[in-house]
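Residues per chain are reported as follows:
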Amino acid sequence: MRKPIKGTVMHSYPGMVALVTAHSNGNNNIMAAGWHTYISIEPPIYGVAIGKERYTHSLVKESNSFAINFLPYEKAEIIVRVGSISGREQNKFEALGLPFEEGITISAPILKDAYMAYECKVIDQNTYGDHDWIVGEITECYRDDAKFLANGLPNFNEVSIPLYLGRSSFIKTDNEIAIETFTKK
């Protein structure tokens with residue numbers, strides 16, 4: 001039976017995790033974000049919640065841009081490990097062996113392993129509690145066409161999408177169902 005409880009419960013899961021990348025003054029960083037969404041199709045606008053204390057937040061603020069990257073399930077452990085290293089203390093791309101290219105319209109890294117990625121220029125930012133909701137106009141979009149059907153839906157014969165369950169656990173969305181928990185190293 002449902003009943004009132006003290007506090008809140010993170011019940012927005014399962015959901016896709018975006019890897020947010022940013023670049024400013026020769027520095028790159030990457031973070032995992034569970035709170036993100038499309039806001040508009042025309043013009044294409046995307047939003048993401050980033051904690052104000054995060055190193056990525058400062059790079060986004062300085063550059064006025066960010067990128068959103070989606071990795072396949074095979075890289076789910078990387079999604080978890082991105083959150084276990086401080087970008088202020090070391091280069092996460094080197095530490096995790098993450099190959100990337102510089103964006104076309106912005107300087108943020110675009111992950112080579114991403115099956116979908118967006119370059120975004122910040123158009124709005126508001127503080128809500130302990131996070132800032134950062135909104136960007138999508139200025140460039142990347143897609144691995146082999147991973148999608150002609151109608152634009154994922155081709156689950158070609159890509160498995162990780163859905164985050166919480167506590168470093170993911171469910172794999174493809175033609176079979178599997179749940180796996182990863183440990184932060």
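Our structure's up above, just so we're on the same page.
Caption draft 1: Representation of the sheet that holds strand S2 (residues 18-24) in the model. Pairing within the open sheet is antiparallel, and its seven strands lie in the order S3-S2-S6-S9-S10-S5-S4. Lying at the two open borders of the sheet, with one neighbouring strand each, are strand S3 (27-33) and strand S4 (36-40). On average, each strand axis in the sheet is inclined to that of its neighbour by 35°, with strand direction left out of account. Note that S2 and S3 share seven bridges and pair antiparallel.

Caption draft 2: Layout of empty space enclosed by the protein. What the rule picks out here adds up to one cavity of 30 Å³ or more. Roughly 40 Å³ of internal volume is contained in the largest cavity. Considering the residues around the largest cavity, the lining is formed by Met 16, Val 17, Phe 70, Leu 71, Ile 79, Tyr 115, Ile 161 and Pro 162. Class assignment for the residues of the lining of the largest cavity results in eight nonpolar, no polar and no charged.

Caption draft 3: Broad picture of the layout of surface pockets. Of the voids in this model, the largest pocket is the one considered here, and its volume is about 710 Å³. Met 31, Ala 32, Ala 33, Arg 54 and Gly 83 are, among the 29 residues lining the largest pocket, the residues nearest its centre. Sorting the residues of the lining of the largest pocket by element identifies S3, strand S5 (45-51), helix H1 (55-63) and helix H2 (76-82) as the ones contributing at least two each. Counting residues per element, the lining of the largest pocket draws most heavily on S3, at four residues. When the residues that make up the lining of the largest pocket are grouped by side-chain class, the tally is 15 nonpolar, nine polar and five charged. Quantified by volume, the second largest pocket comes out at close to 180 Å³. Listing elements by their share of the lining of the second largest pocket, those giving two or more residues are S4 and strand S9 (116-128).

Cut-offs applied
Residues numbered from 1 in each chain as written. Predicted model: local features only at pLDDT ≥ 70, side-chain atom pairs only at ≥ 80, totals over all residues. Heavy atoms only, no water. Pairing = 2+ DSSP bridges. Helix = DSSP H or I, 4+ residues; strand = E, 2+ residues; numbered from the N terminus. Axes fitted to C-alpha atoms, helices over the stretch in contact; angles between N-to-C directions. 1 Å grid on protein atoms, 1.4 Å probe; cavity = no way out; pocket = protein on both sides within 12 Å on 5 of 7 lines; lining within 4 Å. Points joined across faces, edges and corners; volume = space filled by probe spheres on them. Nonpolar A, V, L, I, M, F, W, Y, C, P; charged D, E, K, R; others polar.

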